[in-house]
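# Summary of the model geometry
Letter by letter, the chains look like this.
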Amino acid sequence: SGKTTGSHRAGSRTPGRTDRAIAVQPGGIDQPGYAHRPGAAASGPHTGCGLRGRARRQTRGPVYRSGSSNEAALLENAYKNSLKLAAEKKLTSIAFPNISTGVYGYPKTEAAEIAIKTTKRFLQENEFPKEVIFVCFDDANYSLYREMLD
């Protein structure tokens, strides 16, 4: 089974690892070939992001309203469906940002719990990916992930 690695601060890279990672980025939903529904994942062209990799996948997390609009299941599906795509392609690693915790307003603690729980379960049940990297774009998310992964 695979492993989850510690989170990284904005702008940092995992030397020697990103060349085998796929970057999963929220948004971009107006571009052809990308996921249009929250919780979906799709293949997209590998451009931008500042990451080298074999592929890039696109996913969209839910906009957080009140927590009673199926947001938890949609966020879980964003991670799970991206992991499924990585497994189908036999990719060894995948990198996730903090999906939905920015302008979509998802509470950071709850989102981190969902991301980590979903990822750990998937890694226990599947051969690929071998490694998941959580890329944290602010100190609050970095602290949450560090605490939950330790």
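Residues numbered from 1 in each chain as written. Predicted model: local features only at pLDDT ≥ 70, side-chain atom pairs only at ≥ 80, totals over all residues. Heavy atoms only, no water.

## Side note on the nonpolar core
Quick reminder of the rule: As used in this record, nonpolar core signifies buried Ala, Val, Leu, Ile, Met, Phe, Trp, Tyr and Cys residues forming a set joined through side-chain atoms within 4.5 Å. Only protein chains enter the accessibility calculation, which uses a 1.4 Å probe. A residue is then buried if its area is under 20% of the maximum for its type, exposed if over 50%, and partly exposed in between. A helix here means a DSSP run of H or I that spans at least four residues, while a strand means a run of E at least two residues long, and both kinds are numbered starting from the N terminus. Pairs of residues are marked as contacts when any of their non-hydrogen atoms sit within 4.5 Å.
Within the largest apolar cluster, 24 residues are counted, with the highest numbers of intra-cluster contacts made by Leu75, Tyr79, Phe96, Val132, Phe134 and Tyr145. Among the elements of the structure, helix H1 (71-88), strand S5 (93-96), helix H2 (108-125), strand S6 (131-135) and helix H3 (139-149) are those that each provide at least two residues to this core. With seven residues, H2 is the single largest residue contributor to this core. Discounting chain neighbours no more than four positions away, the residues touching Leu75 are Pro62, Ile99, Ser100, Tyr106, Ala111 and Ile114.

## Quick word on H3
This is how the line gets drawn: It is the directions from the helix axis to the C-beta atoms that the arc portrays. Any pair of nitrogen or oxygen atoms within 3.5 Å is treated as a polar contact; in protein, a donor-acceptor pairing is required on top of that, and neighbouring residues in sequence qualify only through side-chain atoms on both sides.
Among all positions in H3, only Asn141, Tyr142, Leu144, Tyr145 and Leu149 are buried. The buried side chains of H3 occupy one side of the element, clustering within an arc of 165° when seen end-on. Opposite the buried face of H3, by more than 90 degrees, sit the exposed residues Asp139 and Glu147. A distance of 3.3 Å separates the backbone nitrogen of Ala140 from a side-chain oxygen at the start of H3, and that oxygen is part of Asp138.

## Let's talk about the packing of H2 against H3
Formally: Here, axes are lines fitted to C-alpha atoms. For helices the fit covers the stretch in contact, and angles between N-to-C directions go from 0 to 180 degrees. Just so you know how the angles are binned, under 35 degrees is roughly parallel, over 145 roughly antiparallel, 65 to 115 roughly perpendicular, and the rest oblique. Working rule for handedness: look at the near helix, and if it is turned counterclockwise from the far one by less than a right angle, call the crossing left-handed; if clockwise, right-handed.
It is the contact of H2 with H3, at a shortest axis distance of 10 Å, that shows an interaxial angle of 45°. Viewed along their axes, H2 and H3 adopt a mutual orientation that is oblique. Where H2 crosses over H3, the handedness of that crossing is right-handed. Each of Lys108, Thr109, Ala111, Ala112, Glu113, Ala115, Ile116 and Lys120 in H2 lies in contact with H3, whose residues at this interface are Ala140, Asn141, Leu144, Tyr145, Met148 and Leu149.

All quantities given are derived from atomic positions and should not be read as evidence of function.
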